[in-house]
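One letter stands for each residue in the lines below.
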Amino acid sequence: LRVLDHRPLFFLAGSSTAYGKTAESWEGPIPEDAPLMPATQYGVSKVAAEMLGRQYTWSYGIPVVTARFFQQVAPGGPETLAVQDFSMQVAMIEAGLQAPVIKH
């Protein structure tokens, strides 16, 4: 990209996991400028990718846009997200380890 005659816009797929521990204590929607406190290796790798994107913008003038997606439905996803939280509670209820009430 650096050697091209034009400067393309680079889109970087970020992740809500960049917020990590911030998501556990934040009230309401998390704004873009909330502290980045990744709690997993994946979250750390996404923050590192964002920092590399910023460095390319500063050093080479390549515009980088990052979007932090907030949906992860996969094994090992953070329990702070609703899908994982609800799934864990359903499993606990089915195992008889939790009253049949789902909270979030």
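Each remark here, short or long, concerns the structure printed above.
Residues numbered from 1 in each chain as written. Predicted model: local features only at pLDDT ≥ 70, side-chain atom pairs only at ≥ 80, totals over all residues. Heavy atoms only, no water.

## As for the pattern of salt bridges
Oppositely charged side chains are able to pair whenever their charged atoms sit close together.
Then, number 1: Under the criterion given, the structure shown has two salt bridges.
Then, number 2: Here Lys-21 ties to Glu-24 by a salt bridge, and the two come within 3.7 Å at their closest N and O atoms. Remark: Glu-24 and Lys-21 occur in helix α1 (residues 21-25); sequence separation between them is three residues, near one turn of the helix.
Then, number 3: Close ionic contact of Arg-68 with Glu-50 constitutes a salt bridge, the shortest N to O distance being 2.6 Å. Of this pair, Arg-68 sits in strand β2 (residues 64-69) while Glu-50 is found in helix α2 (residues 41-60), placing the two residues 18 residues apart along the sequence. (Salt bridge = Lys/Arg side-chain N within 4 Å of Asp/Glu carboxyl O. Helix = DSSP H or I, 4+ residues; strand = E, 2+ residues; numbered from the N terminus.)

## Quick word on helix α3 (residues 82-94)
Since one α-helical turn is 3.6 residues long, residues separated by three or four positions face the same way.
Then, number 1: Between its terminal C-alpha atoms α3 stretches 18 Å, which fits the 18 Å expected from 13 residues at 1.5 Å a residue.
Then, number 2: For α3, every residue scored as buried is listed here: Gln-84, Asp-85 and Gln-89. Down the axis of α3, the buried side of the element spans an arc of 130°, and every buried residue falls inside it.
Then, number 3: Just beyond α3, the residue with positive phi is Gly-96, at close to 75°. (Expected span 1.5 Å × (residues − 1). Buried < 20%, exposed > 50% of the residue type's maximum accessible area, 1.4 Å probe, protein only. Arc of directions from axis to C-beta.)

## Observations regarding the side chain of Ser-15
Then, number 1: Positionally, Ser-15 belongs in strand β1 (residues 10-15).
Then, number 2: Given a relative accessible area of 8%, Ser-15 falls into the buried group.
Then, number 3: Those residues within four positions of Ser-15 in sequence are excluded, and the remaining contacts are Tyr-42, Lys-46, Ala-67, Arg-68 and Phe-69. (Contact = heavy atoms within 4.5 Å.)

## Overview of α2
Then, number 1: With 20 residues, α2 should reach 28 Å at 1.5 Å per residue; the first-to-last C-alpha distance of 28 Å fits that figure.
Then, number 2: If you check which residues of α2 are buried, you get Gly-43, Lys-46, Val-47, Glu-50 and Gly-53. Taken end-on, α2 shows its buried residues confined to a sector of 110°, consistent with a single buried face.
Then, number 3: Buried residues along α2 sit in contact with β1 and β2.

## A few points about the packing of aromatic side chains
Geometry of an aromatic ring pair is reported as the spacing of the ring centres plus the angle between the planes.
Then, number 1: The full count for this structure, using the stated rule, is one aromatic pair.
Then, number 2: Ring geometry for Tyr-56 and Tyr-60: centres 5.0 Å apart, planes at 55°, overall tilted. One end of the pair, Tyr-56, and the other, Tyr-60, are both in helix α2, four residues apart, so they sit about a helical turn from each other. (Phe/Tyr/Trp six-rings, centres within 6.5 Å; stacked < 30°, edge-to-face > 60°.)

## Topic: the environment of Gly-14
Then, number 1: By secondary structure assignment, the location of Gly-14 is in strand β1.
Then, number 2: Given a relative accessible area of 8%, Gly-14 falls into the buried group.
Then, number 3: Those residues in contact with Gly-14, other than ones at most four positions away along the chain, are Lys-46, Thr-66, Ala-67, Arg-68 and Phe-69.

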